[in-house]
Structure formats: C-alpha cells, structure tokens
Amino acid sequence: MISEAVILILTLAGLCYLFFRYKTTYWSRLGFPSITEGIVFPLGNDPTFHLDVFLQKRNTAYCMMDLYQKTKDLPFCAYYSVLGNPLLLVNDLDLVKHILIKDFDNFVDRFGALNVFGGDSNVFTDKIWRQQLLSLKGDLWKDVRSIFSPVFTSGKMKLMMHFMKSISRNLQAEMQEAVDAKGPIDLKELFAKYSMDTIATCGFGVDAGSFTATGESKFVEHARNTFARKGIDNFKFLCSALPGVNGFCKMLGMPFFKPEETQFFYDIIMQVIRHRMESKERKNDLVDLMIDAIKFEKTLTPDETETDSHSQYDQDAKLDHKVKKTAQFDETLVVSNSLLILIAGYDTTAMTMTYCAYELARQPNLQDRLLSEIDEALEGLEEGQDFPDYQVIQELPYLDAVLQETLRLHAPIPLVSRVCANDYKIPGHDHVIPKGTEVNMYSYCIMRDERHFPNPDKFDPEHFSREAKAKRNPYAFLPFGQGPRACIGMRFALLEAKIGLIAILSRFRITTCPETPKEAVRDHTTFLGNPRDKLWVAVTPR
Ligand code: HEM
C-alpha cells in the first residue's frame, strides 16, 4: 500500500515536472528572446520567487540585478514565474514609455499580490483591501483614481504642511535628546516615528504617538505587524499561487490579509469618519479630503488641478477619464485607501529620509552645500514666519537633487509592473506580447545602469543637475513609476521628506561615528528597500 502511494506521488511529481518543463518553452515557441538560466522547478527564474528571497537570505532587488545584468542589452527579455507562468522584462526606455504612457490603455492593470493572492476571498477584512488603488483594475481603478487624484494636488499638499511642520518639531526634540545624551542616534527609528505620525495624522486623523508614547503605541504595533513579512507569510504567498488553494481558503472562510490589524485600522478610521460627519468638525487632512472626494462635495478650483504643473512627469500622469457621479462610493473606500496610504506611504518615505541623512553624514561636503541652501531659505523668512513656505520649499534645487539621488540609489520599490490587456505588437519589432502577460520594468536596476547614470553606485546629487537631466532619457528615473498609474502620493512623500530634513538640518549637523555602518545593505526579509542594519550617526548642534 505504502509503495503504491509512493509510486503515485512520484508519478504525479514527474508529470508536474514534465508539464513545468513544457511550460518553460512557451517563449521560445513564440520566438521571443528569453532567459532560461536559473530556472528552478516549480519557482521559475523570477527573482521575486528566487530561493534566496524565499529563504530570506537576499533582498529581491539584488536578485533582480543578477537577471538585469544578463539581459540589459536586450530591449526586452522573457522569463518565467512560479509554475512556469510567463513574464516579460522590459529594459528599453522607449518601450517603457510606450507601456507606461503612450499605450497606457493596454497596460492599465498591475499584477501584484493583492490582485491574485486572496483575491476572491469573502472575508470582510480581505474585501476592504481589495478596494484600494493599488489592486483595483480597469474602469473601476480609473473611477477611484480620478476621484482621489484631486486629494494629492499641490494645492491640497499646502494644507498638509502645518501637520508635517508640527510633527517635525518632535524630530528636532529627539535629535536634541541625542545631543544631550552625547550618544549616536539610529536614523531608521527616528524617521520611522516621523513618517508614522505624519501618515497617522494626515491619513487617519489620529495621533499615533510614536514620539510620545511610553513603549510602542497600539497604532504603531499594529502597523508594524501589518508590514512584517515572516517566513510563514512567504509560504502562504507561495501556496496561494498554487491552483485551487485560493478557492479552498475561500471555502473555509480563511482570511489572507492580517485580519486583526485590518479590523483595528478599520475601526479607527470609521470612528473618525462618523465623528467628522456628526460634529461637522474639519481638519482639512487627507481624511476630510477623501470624504469630500467620494461625496463630490468640492469642485476643483483651477489652481488645484493637475494642470498646475508643466513637468514631464505631471503631463504624463494625466488620466483622461470622466467619473459617473451616479456611481456609488461609500466610506469603506476611504477606509481602504487610508490603509493603503499607511502601507504605501509609511515605510517608503521613512526609508528615503533614512538613506538621505545617512548619505549626507558620509559626505560632509554635500551636507555643507545643502546647509547653505537651507540657511539661505531661512534667512529670507518674513517676520513671524518660522518655516519657508510651500513654494520656497519646492524651489530648493539642491534639496531636490539630494532626494532624487537618494531615491535613485536606494529605490524603496524595486520594480514597476503592468499587465498586458490585449495582444500587443511591440513597436519596431515583430513580436506580439500575448494578452494577460505580466510585464515588468526593474526600476532599481535601470536607475543603477551606467548607460543612464555614469558612476551609478556613487551617491552623487550631480546626477540630477540641470545638465545631467537634459542629457538623459527622462524614463530612466522611475522611483515613483511614471504615467497615469504612477504613485499618487509623490508630492506628499517629497513634501514630508523636505520638511523633516529642513527641520533637522536647520539646527543640527549629522556626522558618521564609530557605529555607522560602512555600507547600507537592503534588508533580506522584505521586498522593499529598508536598510538591514540600524544606521547610527552622531548629531551636533549647529
Ligand atoms: C518615497 C516615497 C514613495 C515611493 C518611492 C513610492 C513609490 C511608488 C511606486 C513605485 C508606485 C507604483 C507606481 C507604478 O506602478 O507606476 C506607487 C504607487 C502608489 N503609491 Fe507611492 N511611493 C511613495 C510614497 C507614497 C505615499 C506617501 C503615498 C500616499 C500618501 C503613496 C501612495 C501610493 C498609491 C495610492 C499608489 C497606487 C497608485 C495607483 O495604482 O493608482 N505613495 N508608489
């Protein structure tokens, strides 16, 4: 009996293997250039499912770089994901532009875990996650994006400034404590607190208490748990890619996304919404703006539309879509997108500020140049003003260059991904991308490619001088993606980072100390670019 069972299992495994081998000839049968090196049954050769990533030994971006180095001379190259599912890597920047902008209507959707894993569960907390921008598809995504875009215009960001300014005083106080204690400070923890409090205040209308709570506040604890990707989460992620597993979980009513944490945030934000509606209190934070947006209560005034910028990025990001005002949108849309703001905005902005301050500590000459620019802006303040206004902050070129260089070298999100809606003939080639193919652009690798950024591994804000930018293809810079589906929170993130940096650099100088790591390595346990180690620096008052 046992021997029969073993034979059956071995036969099934052999058949699965043969089927997998056949599937991994898909691209060569279509005549596409493809890379078959490194294919492991049943994971394929997708860096996202690389064994080292799965076992949490290496960050995904490093595995992506291995694949990119082997394929970068090809405009596009095919490869395989779990169970031999086909993927296409796009390296050519003109093709990147076609996919993200010119032919956007054929590449509206993103693949992404949220679309697939737990995608059809009936569990209430999973359903909340499915309403947010990152995972919505097609016309529904267009509706929600059009509704929420006005929430993130520069006009609205000006309203966020006073929240950020007030939280940045906690940053200064924390730095002063390090000065008084004559000890180093961990940049990672410092900026995590600032980012968490900013997102909580603007996106949830609550004080997360990161700086003030004794121990970890409940908000911070639940947020941390939401982000944590333990070994079991990787396993769950992989299992749900297997045929039938999602259906099985659905049948058993098993949640995919962390239910306790989701419920915690759902309750908070619903309480805030109800309170705002009953009391008519207004704070003009993101919560109020989102409530306005779903109710179509405010019509946009001209200075608040996306047309206020003529930058290539903003022009490309325009979405030509009319939302039907009869469509039903309710408060769960606000809850869901507040959760997304927490997920999309907290870690990304915190790590950007962390890497930025770390790089400035390592290169005092760059810090000096930035300090002079900030000092000049502060000298120009009018009486009664304690901070430069929005427009002045936007026009600090060196601060801008330093942040862009940080995002280039330490991209928080390593790729931009789209799904091909209909068969698509690649311009200038005979190849046709089949409908349903996941198309990836490895932004982390493109931004470290010496053909676009000379001396790519060096932190050098001159990569963003006017001359350097003029010489370069603009689609080589992709930390926020590009096109109508690019990051909606870019202005928010940059403003938050600029305000935090101005607040600390106006008072303190950051330098390396014996505890400062020689290099900043990306964490092996996450898909994002969080630094693996604590980034200690010394602080001195100016
Ligand atoms: C430095 C900080 C940040 C970085 C590097 C970043 C990067 C990105 C990237 C690469 C994408 C995918 C773009 C694409 O597919 O073309 C994205 C999407 C998104 N981001 Fe950000 N992000 C940051 C901060 C924020 C913040 C602060 C918020 C919210 C306040 C936010 C909200 C979103 C949302 C909602 C999406 C999905 C957009 C859609 O599908 O329509 N992000 N972000």
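Residues numbered from 1 in each chain as written. Predicted model: local features only at pLDDT ≥ 70, side-chain atom pairs only at ≥ 80, totals over all residues. Heavy atoms only, no water.

J.: What am I meant to see in the side chain of Glu 261 here?
T.: Within the secondary structure, Glu 261 is located in helix H14 (residues 259-279). The side chain of Glu 261 sits in the buried core without any salt bridge; Lys 258 is the nearest counter-charge, 6.4 Å away. A polar atom in the side chain of Glu 261 sits 3.5 Å from the side chain of Asn 225. (Helix = DSSP H or I, 4+ residues; strand = E, 2+ residues; numbered from the N terminus. Buried < 20%, exposed > 50% of the residue type's maximum accessible area, 1.4 Å probe, protein only. Lys, Arg positive; Asp, Glu negative; His and termini not counted. Salt bridge = Lys/Arg side-chain N within 4 Å of Asp/Glu carboxyl O. Polar contact = N/O pair within 3.5 Å; in protein donor to acceptor, adjacent residues only side chain to side chain.)

J.: Quick question: what am I supposed to make of the site of the ligand here?
T.: Close contacts around the ligand come from 29 residues, with Arg 110, Trp 141, Arg 145, Arg 418 and Cys 487 the closest. Leu 133 is positioned such that a nitrogen or oxygen atom in its backbone is 3.5 Å from an oxygen atom of the ligand. Within the contact set of the ligand, an oxygen atom lies 2.7 Å away from a side-chain nitrogen or oxygen of Arg 418. Contributions of two or more residues to the shell around the ligand are made by helix H8 (138-148), helix H17 (331-362), strand E4 (416-419) and helix H23 (490-505). Among the elements that line the shell around the ligand, the one with the most residues is H17, at seven residues. Grouping the constituent residues of the shell around the ligand by class yields 18 nonpolar, seven polar and four charged. (Near = heavy atom within 4 Å. Nonpolar A, V, L, I, M, F, W, Y, C, P; charged D, E, K, R; others polar.)

J.: What should I look at first to understand H23 in this one?
T.: Spacing of three or four residues puts side chains on the same side of an α-helix, whose turn is 3.6 residues. Relative to the 22 Å expected for 16 residues at 1.5 Å per residue, H23 spans 22 Å between its end C-alpha atoms, a close match to the ideal helical length. Extensive coverage of H23 is indicated by the burial of 15 of its 16 residues. (Expected span 1.5 Å × (residues − 1).)

J.: Would you explain the coordination of the iron atom of the ligand in this entry?
T.: Four donors placed tetrahedrally around a metal ideally meet at 109.5 degrees, and six donors placed octahedrally ideally meet at 90 or 180 degrees. No protein donor other than Cys 487 (SG) coordinates the iron atom of the ligand, and that contact is at 2.3 Å. Within the secondary structure, Cys 487 is located in the loop between helix H22 (466-471) and H23. (Donors = N, O, S within 2.8 Å, 3.2 Å for Na, K, Ca; no water.)

J.: Mind showing me how you'd approach the sheet that holds strand E8 (residues 508-511) here?
T.: Sheet strands associate in pairs through backbone hydrogen bonding, adopting either a parallel or an antiparallel arrangement. One open sheet holds the three strands; their spatial order is E3-E9-E8, and the pairing between them is antiparallel. Looking at which strands have only one partner, the edges of the open sheet turn out to be strand E3 (185-186) and E8. With four bridges connecting them, E8 and strand E9 (residues 536-541) associate as antiparallel partners. Residue pairing across strands places Arg 509 opposite Thr 540, the latter belonging to E9. (Pairing = 2+ DSSP bridges.)

J.: Even after reading the chapter, I still don't get the packing of aromatic side chains, so can you show me in this structure?
T.: The description of an aromatic ring pair rests on the distance of the ring centres and on the angle between the ring planes. If you walk through the whole model with that rule in mind, you get 15 aromatic pairs. For the ring pair Tyr 17 and Phe 41, a centre distance of 5.3 Å and an interplane angle of 85° mean the geometry is edge-to-face. Here Phe 41 lies in the loop between helix H2 (26-30) and helix H3 (51-54) and Tyr 17 lies in helix H1 (residues 2-23), a separation of 24 residues in the sequence. Using a relative accessible area of 34% as the deciding quantity, one classes Tyr 17 as partly exposed. For the ring pair Phe 107 and Tyr 424, a centre distance of 5.0 Å and an interplane angle of 85° mean the geometry is edge-to-face. (Phe/Tyr/Trp six-rings, centres within 6.5 Å; stacked < 30°, edge-to-face > 60°.)

J.: What exactly am I supposed to notice about the environment of Tyr 68 here?
T.: Examined against the element boundaries, Tyr 68 turns out to sit in helix H4 (residues 60-71). By relative accessible area, which is 1% here, Tyr 68 ends up buried. Along the sequence, Tyr 68 and Tyr 444 sit 376 residues apart, while their C-alpha atoms lie 9.9 Å from each other. Ignoring any residue separated from it by four or fewer positions in sequence, one finds Tyr 68 in contact with Asn 91, Cys 445, Ile 446, Asp 449, Arg 451 and His 452. (Contact = heavy atoms within 4.5 Å.)

J.: I keep staring at the packing of helix H20 (residues 397-409) against H23 and nothing clicks. Help me out?
T.: The geometry of a pair of packed helices is captured by two quantities: the angle between their axes and the separation between those axes. Their axes nearest at 11 Å, the elements H20 and H23 cross at an angle of 115°. Classified by chirality, the crossing of H23 by H20 is right-handed. Here H20 contributes Leu 399, Asp 400, Leu 403 and Leu 407 to the contact with H23, which in turn contributes Leu 494, Ala 497, Lys 498, Leu 501 and Ile 502. For the contact of H20 with H23, the residue count by class is seven nonpolar, no polar and two charged. (Axes fitted to C-alpha atoms, helices over the stretch in contact; angles between N-to-C directions. Left-handed = near helix turned anticlockwise from the far one by under 90°.)

J.: Is there a simple way to explain the nonpolar core in this structure?
T.: One recurring pattern in soluble globular proteins: nonpolar side chains tend to sit buried together. The biggest cluster of nonpolar side chains holds 104 residues, and the ones touching the most others in it are Phe 148, Met 160, Phe 219, Leu 286 and Phe 492. Here the element with the most residues in this core is H17; it accounts for 16 residues. If we ignore the near neighbours within four places in the chain, the residues touching Phe 219 are Met 196, Ala 200, Phe 204, Val 206, Ala 208, Phe 264, Phe 265, Ile 268 and Leu 342. Membership of the second largest hydrophobic core comes to 51 residues, among which are Met 64, Leu 93, Leu 415 and Phe 477. (Core = buried A, V, L, I, M, F, W, Y, C linked by side-chain atoms within 4.5 Å.)

J.: I tried to follow the sheet that holds strand E1 (residues 76-80) on my own but got confused; where do I start?
T.: What the four strands build is an open sheet, ordered E1-E2-E7-E4; its pairing is mixed. Taken across any chain shown, the strands that pair with only one partner, and hence form the sheet edges, are E1 and E4. Taking the axes of each pair of neighbouring strands and ignoring which way they run, one obtains an average angle of 25° across the sheet. Sheet topology places E1 next to strand E2 (residues 86-90); five bridges connect them, and they run antiparallel. When the bridges of E2 are listed, Phe 76 appears paired with Val 90.

J.: Quick question: what am I supposed to make of the pattern of salt bridges here?
T.: Where side chains of opposite charge bring their charged atoms close, a pairing between them can arise. According to the stated counting rule, one finds 22 salt bridges in the structure shown. The closest approach of N and O atoms between Asp 66 and Arg 58, which form a salt bridge, is 3.0 Å. With relative accessibility at 33%, the residue Asp 66 sits in the partly exposed group. Between Arg 532 and Asp 533 there is a salt bridge whose closest N-O contact spans 3.1 Å. Among the residues examined, Arg 532 registers a relative accessible area of 39% and is labelled partly exposed.

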